[in-house]
Amino acid sequence: MILREQTISFSTLDKSIYRGDFHKHEYLKEKLYREECVLQSLEAASDREHRFTIEEIKKNGDDSDKVGYFLPLFYEKLLVRKCAKNISKAFPIRSIDRERAIRELASCLRWGPHQSVYRVDIKSFYESINHLDLINFIKESGRLSGLTKDILIRILNQYWNAGGTGLPRGLEIANPLANAYLYEVDEIISKQEHCLFYCRFVDDIIIVSSGLPEDNVYKQFKKSMPGRLKLNTSKTLVLDKKHTKIEFPFLGYSIEVDGASNQDTKKFRSVSLHISDSRLKKIKSRIYKSFEKYLVEKDFELLTDRLTFLSSNRTNKRGKGKYKSGIFYSNRQVDSSKSIKSIDKYIYALIKNDGVGPIQGRLVLSNNEKQKILSINFENRFNTKFHYKYNYHRSKEIVKVWE
């Protein structure tokens, strides 16, 4: 059944064209051109001599230290997208919902007299996957169709022959391949007797185990890791009668645990959730870049639209379904809006001091403009789940400064 769902045909490729593609490539709205594009994808799939056009892009946004790659030709991107979907179907990820994972983790941490918490991440995960190990993994997989394997090996060999290492960050196959590579590890650890909670989002991993003398979950985890992957120094936290307070970040949240747990008296620990420092820093960085860009563009309306975008929520379409995102829906598990208040304080400092850092003294705004900016209150909009929707083209204009 899994292999049958991986068929690469005119129909399956056509269904892989998303709503946003019609905005980026308006020629797809014409049936004739769309069909020609799908036929080109089919031809590239069967042509073993086909060379993909892989271009490098140096990011200048939040991940400026990382090199990304993209496919400028849409028909090639369409084929790679279908391969990515095939991998995801063949290797379904456990607990892919971030909010659900945080809720389950918080619930787990509230009870149990003994617990060991392991925060682990893999050092340069994408870049450190050995190409020979990955090729062997793809070839030996009984979950992937023959054509999917062939296309993956062709594009990866081309990337490596051009000097690339590990997985091509940015291409749609990178993330599902990374997850597939550790799929067996996920299966082994989640089934361990003393494993109370296990969650992995790409290379960000947390394990909660019983902490009992016979608990060897973490040893088994290290033993199960594919060769040549190295773990960054992991953080081990213990919860028992002597150690009653811990704090650690995970998936954009700062998790604080306080108090001892005693199942006999039904006493549970207190678990508090806040926005992590790294997530707050990312939001403030985008605010700063918005003001910095305003000094060049002198477009006050675009500046306020960027601040409104960051402080609001929106409903997005994904395939046939919908999902919500924004200041509240991306941080909905936090216990209070206190951490959001620091964002408003940051904007106030920007306005009061005519900018901060390198732009201090350069930000000249009228009193009316200052009042309009200060009326964009992040804490209030978080609490009220404030919604504001921009059309596709305006949204692209808004976010390009952060890319």
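Preceding this paragraph is the structure being described.
Residues numbered from 1 in each chain as written. Predicted model: local features only at pLDDT ≥ 70, side-chain atom pairs only at ≥ 80, totals over all residues. Heavy atoms only, no water.

A. How the structure looks around the overall build of the protein chain. If you tally the helices and strands in the protein chain, you get 17 helices and 11 strands. In terms of overall dimensions, the protein chain is globule-like: its C-alpha atoms have a radius of gyration of 24 Å, near the 22 Å expected for 403 residues. Sorting the 403 residues of the protein chain into buried and exposed places 47% on the buried side. Here the protein chain displays about 21300 Å² of accessible surface, and carbon together with sulfur accounts for 48% of that area. Each charge class in the protein chain can be summarised by its mean position, and for the 72 positive and 51 negative side chains these summaries are 4 Å apart. (Helix = DSSP H or I, 4+ residues; strand = E, 2+ residues; numbered from the N terminus. Rg over C-alpha atoms; globule rule 2.2 N^0.38 Å. Buried < 20%, exposed > 50% of the residue type's maximum accessible area, 1.4 Å probe, protein only. Areas by Shrake-Rupley, 256 points an atom, 1.4 Å probe, with all protein chains shown as cover. Lys, Arg positive; Asp, Glu negative; His and termini not counted. Charge placed at Lys NZ, Arg CZ, Asp CG, Glu CD.)

B. The arrangement of the packing of helix H4 (residues 74–90) against helix H9 (residues 174–181) in detail. Between H4 and H9, whose axes approach to 9 Å, the crossing angle comes to 25°. Relative to H9, the element H4 is oriented roughly parallel. Of the two elements, H4 crosses H9, and the hand of that crossing is left-handed. Across the interface between the two elements, Ala-84, Ile-87 and Ser-88 from H4 touch Pro-176, Leu-177 and Ala-180 from H9. Class assignment for the residues of the contact of H4 with H9 results in 5 nonpolar, 1 polar and no charged. (Axes fitted to C-alpha atoms, helices over the stretch in contact; angles between N-to-C directions. Parallel < 35°, antiparallel > 145°, perpendicular 65-115°, else oblique. Left-handed = near helix turned anticlockwise from the far one by under 90°. Contact = heavy atoms within 4.5 Å. Nonpolar A, V, L, I, M, F, W, Y, C, P; charged D, E, K, R; others polar.)

C. Representation of the pattern of salt bridges. Taken as a whole and assessed by the stated rule, the structure comprises 15 salt bridges. In this structure, Glu-127 and Arg-169 form a salt bridge, with 3.0 Å as the shortest nitrogen-oxygen distance. Of this pair, Glu-127 sits in helix H6 (residues 125–128) while Arg-169 sits in the loop between helix H8 (146–161) and H9, placing them 42 residues apart in sequence. A salt bridge links Arg-394 to Glu-397; its shortest N-O distance comes to 2.9 Å. Of this pair, Arg-394 and Glu-397 are both found in helix H17 (residues 392–399), 3 residues apart, which corresponds to roughly one turn of the helix. Taking relative accessible area as the criterion, Arg-394 reaches 19% and is therefore assigned buried. (Salt bridge = Lys/Arg side-chain N within 4 Å of Asp/Glu carboxyl O.)

D. Structural context of the layout of surface pockets. Looking at the second largest pocket, its volume works out to about 280 Å³. Considering the residues around the second largest pocket, the lining is formed by 16 residues, among which Phe-137, Ala-180, Tyr-181, Glu-184 and Pro-226 are closest to the centre. Listed by contribution, the elements that provide at least two residues to the lining of the second largest pocket are helix H7 (131–140), H9 and helix H10 (183–190). Taken together, the residues that form the lining of the second largest pocket break down as 8 nonpolar, 4 polar and 4 charged. (1 Å grid on protein atoms, 1.4 Å probe; cavity = no way out; pocket = protein on both sides within 12 Å on 5 of 7 lines; lining within 4 Å. Points joined across faces, edges and corners; volume = space filled by probe spheres on them.)

E. Spotlight on the packing of aromatic side chains. The tally for this structure, following the rule as stated, stands at 13 aromatic pairs. Taking 4.5 Å as the distance between ring centres and 5° as the angle between the ring planes, the aromatic pair formed by Tyr-118 and Tyr-218 counts as stacked. Of this pair, Tyr-118 sits in strand E3 (residues 115–121) while Tyr-218 sits in helix H11 (residues 217–224), and the two are 100 residues apart along the sequence. Taken as a pair, Tyr-118 and Tyr-218 share a single burial class, namely buried. Plain terms: the ring middles of Tyr-218 and Phe-221 are 6.1 Å apart, the flat faces sit at 20° to each other, and that makes the pair stacked. Of this pair, Tyr-218 and Phe-221 both sit in helix H11, 3 residues apart, roughly one helical turn. You'll find Tyr-218 and Phe-221 in the same group, each marked buried. Across from the ring centre of Tyr-126, 4.6 Å away, lies the NZ or CZ of Arg-169, which sits over that ring. (Phe/Tyr/Trp six-rings, centres within 6.5 Å; stacked < 30°, edge-to-face > 60°. Lys NZ or Arg CZ within 6 Å of the ring centre and 35° of its normal.)

F. Region of the structure containing the sheet that holds strand E8 (residues 253–258). Pairing is antiparallel in the open sheet, where 3 strands are placed in the order E7-E8-E9. Of all the strands in the sheet, the pair left with one neighbour each is strand E7 (245–250) and strand E9 (270–275). This sheet shows a mean twist of 20° between the axes of neighbouring strands, independent of strand direction. Alignment of E7 against E8, held across 6 bridges, turns out to be antiparallel. Bridge pairing links Phe-250 to Tyr-253 in E8. Taken strand by strand, helix H5 (residues 98–109) contacts E7, E8 and E9, and its axis lies near 15° from that of E8. (Pairing = 2+ DSSP bridges.)

G. How the structure looks around the state of the cysteines. Taken as a whole, this structure holds 0 disulfides when the rule is applied. You can see Cys-108 has no disulfide; the closest cysteine sulfur is in Cys-195, sitting 8.4 Å from it. The exposure class of Cys-108 is buried, given its relative accessible area of 6%. Looking at the unpaired Cys-199, the closest cysteine sulfur is the one in Cys-195, lying at 11 Å. (Disulfide = S-S within 2.5 Å.)

H. Representation of the packing of H7 against H8. For the pair H7 and H8, interaxial distance at closest approach is 10 Å and the crossing angle is 170°. On the basis of their axis angle, the class for H7 and H8 is roughly antiparallel. Where H7 approaches H8, its residues His-131, Leu-134, Ile-135, Ile-138 and Lys-139 are matched on the opposing element by Lys-149, Leu-152, Ile-153, Leu-156, Asn-157 and Trp-160. In terms of residue class, the contact of H7 with H8 is built from 7 nonpolar, 2 polar and 2 charged.

I. View of a negative patch on the surface. Negative charge collects at one region of the surface, where Glu-247, Glu-256, Asp-258, Asp-277 and Asp-335 lie side by side. Relative to the elements of secondary structure, Asp-277 occurs in helix H12 (residues 277–297). Among the residues examined, Asp-277 registers a relative accessible area of 65% and is labelled exposed. (Patch = residues over 30% accessible without salt bridge, like charges linked within 9 Å, V, L, I, M, F, W, Y side chains within 5 Å.)

J. Main features of a nonpolar patch on the surface. Taken together, the side chains of Trp-111, Leu-196 and Phe-268 define a hydrophobic patch exposed on the protein surface, amounting to about 290 Å² of accessible area. When you line up the elements, Leu-196 lands in strand E4 (residues 195–201). By relative accessible area, which is 33% here, Leu-196 ends up partly exposed.

Geometry only, nothing functional implied.
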